[in-house]
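# Survey of secondary and tertiary structure
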Amino acid sequence: MDYQGEQDMELEALQAILMDDLIEYEGNLPSGWVAAGKTYKIVIAPDEEDGADSGEYPLKAELLFAHTPKYPEEPPSLKLRSVTGLSDSDLAEATAVLEEQVQANLGMAMIYTLMGAAKEWLQGRVNSGPVTDPEVERR
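Summary of the structure given here. Since the structure is predicted, the reported quantities are computational estimates derived from the model, not experimental observations.

## Re the overall build of the chain
If you tally the helices and strands in the chain, you get 4 helices and 4 strands. Written out in order from the N terminus, the α and β elements of the chain read α-β-β-β-β-α-α-α. In the structure as shown, the chain presents an accessible area of about 8,200 Å², 47% of it carried by carbon and sulfur atoms.

This is the structure we're talking about:
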C-alpha cells in the first residue's frame, strides 16, 4: 500500500471540505505522539439548533491528529481536548467513542469519520440538557 499517497489524498480531501477549519498545529504535542508528517487540529462544535443561541451550550472540542507511518492500516495519533465546557470524564467518554471508530475503520481513511463521530457525541451531550462549565462548578 502507498501509505504516503493515501495520507496525501485524505489531507487534500479534508482541506477541500474543511478549508480554514483544518489548521496545522504548532503547539506542544502529547507525550508519545507519533507523526509521519504534520499534526493538524480541527475545532469541533455541535450543530446549532434553528433559532438556538450558540452560547446556550458552550461545548467545543479540539481534535488533534497526525498520520502515523503506516496509516490507514494503523491508527492515527489522536488527542481530543476541551476548548469549552467539557470535563475530563467527558473527554474520556468521547475518546472511547473515537477509539471504537478507529478500530472499525482500520484500513480506510478515517479522519473525517472521526470528526463526525466527535461532533455527533457533542450533539448528544448538548441534547442531554444544559451543560455547566466544570470550572465554574468548582468555585
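Still more ground to cover, so stick around.
## Regarding the pairing of strand 2 (residues 39-44)
Of the strand pairs in this sheet, strand 1 (residues 22-24) and strand 2 are connected by 3 bridges, and their pairing is antiparallel. The residue of strand 2 that forms the bridge with Leu22 is Ile42. As defined by bridge partners, strand 2 adjoins strand 3 (residues 60-66) across 6 bridges and the pair is classed as antiparallel. Paired with Ile42 across the bridge in strand 3 is Leu63.

## Looking at the nonpolar core
Formed by 27 residues in total, the largest nonpolar core has its most connected members in Ile42 and Phe65. Looking at this core, the elements with two or more residues in it are helix 1 (3-18), strand 2, strand 3, helix 2 (88-104) and helix 3 (111-127). Tallying contributions element by element places helix 3 first for this core, with 8 residues. Apart from residues no more than four positions distant in its own chain, Phe65 is found in contact with Leu11, Leu14, Leu22, Trp33, Lys38, Thr39, Tyr40, Ile42, Ser77, Leu78 and Ile111.

## Structural notes on the packing of helix 2 against helix 3
Packing of helix 2 against helix 3 brings their axes to within 10 Å, and their N-to-C directions diverge by 145 degrees. Regarding helix 2 and helix 3, the two cross each other, and that crossing is right-handed. Packed against helix 2, whose contacting residues are Asp90, Glu93, Ala94, Val97, Leu98, Gln101 and Val102, the element helix 3 presents Thr113, Leu114, Ala117, Ala118, Trp121 and Arg125 at the interface. Across the contact of helix 2 with helix 3, the residue classes break down as 8 nonpolar, 2 polar and 3 charged.

## So, the packing of aromatic side chains
Inspection of the entire model under this criterion finds 1 aromatic pair. Centre to centre, the rings of Tyr40 and Phe65 are 5.7 Å apart; their planes meet at 25 degrees, and the pair counts as stacked. In this pair, Tyr40 is assigned in strand 2 and Phe65 in strand 3, connecting sequence segments 25 residues apart. By relative accessible area, Phe65 is classed as buried at 0%.

## Notes on the sheet that holds strand 2
With respect to topology, 4 strands assemble into an open sheet ordered 1-2-3-4, the strand pairing being antiparallel. Only two strands of the sheet have a single partner each, and these edge strands are strand 1 and strand 4 (77-84). Neighbour-to-neighbour, the strand axes of this sheet turn through a mean angle of 25 degrees, independent of strand direction. One ladder, built from 7 bridges, connects strand 3 with strand 4; its direction is antiparallel. Counterpart to Ala61 in the pairing with strand 4 is Ser82. Against the sheet, helix 1 contacts strand 1, strand 2 and strand 3, and its axis sits at roughly 120 degrees relative to strand 1.

About the cut-offs
- Residues numbered from 1 in each chain as written.
- Predicted model: local features only at pLDDT ≥ 70, side-chain atom pairs only at ≥ 80, totals over all residues.
- Heavy atoms only, no water.
- Helix = DSSP H or I, 4+ residues; strand = E, 2+ residues; numbered from the N terminus.
- Areas by Shrake-Rupley, 256 points an atom, 1.4 Å probe, with all protein chains shown as cover.
- Pairing = 2+ DSSP bridges.
- Core = buried A, V, L, I, M, F, W, Y, C linked by side-chain atoms within 4.5 Å.
- Buried < 20%, exposed > 50% of the residue type's maximum accessible area, 1.4 Å probe, protein only.
- Contact = heavy atoms within 4.5 Å.
- Axes fitted to C-alpha atoms, helices over the stretch in contact; angles between N-to-C directions.
- Left-handed = near helix turned anticlockwise from the far one by under 90°.
- Nonpolar A, V, L, I, M, F, W, Y, C, P; charged D, E, K, R; others polar.
- Phe/Tyr/Trp six-rings, centres within 6.5 Å; stacked < 30°, edge-to-face > 60°.

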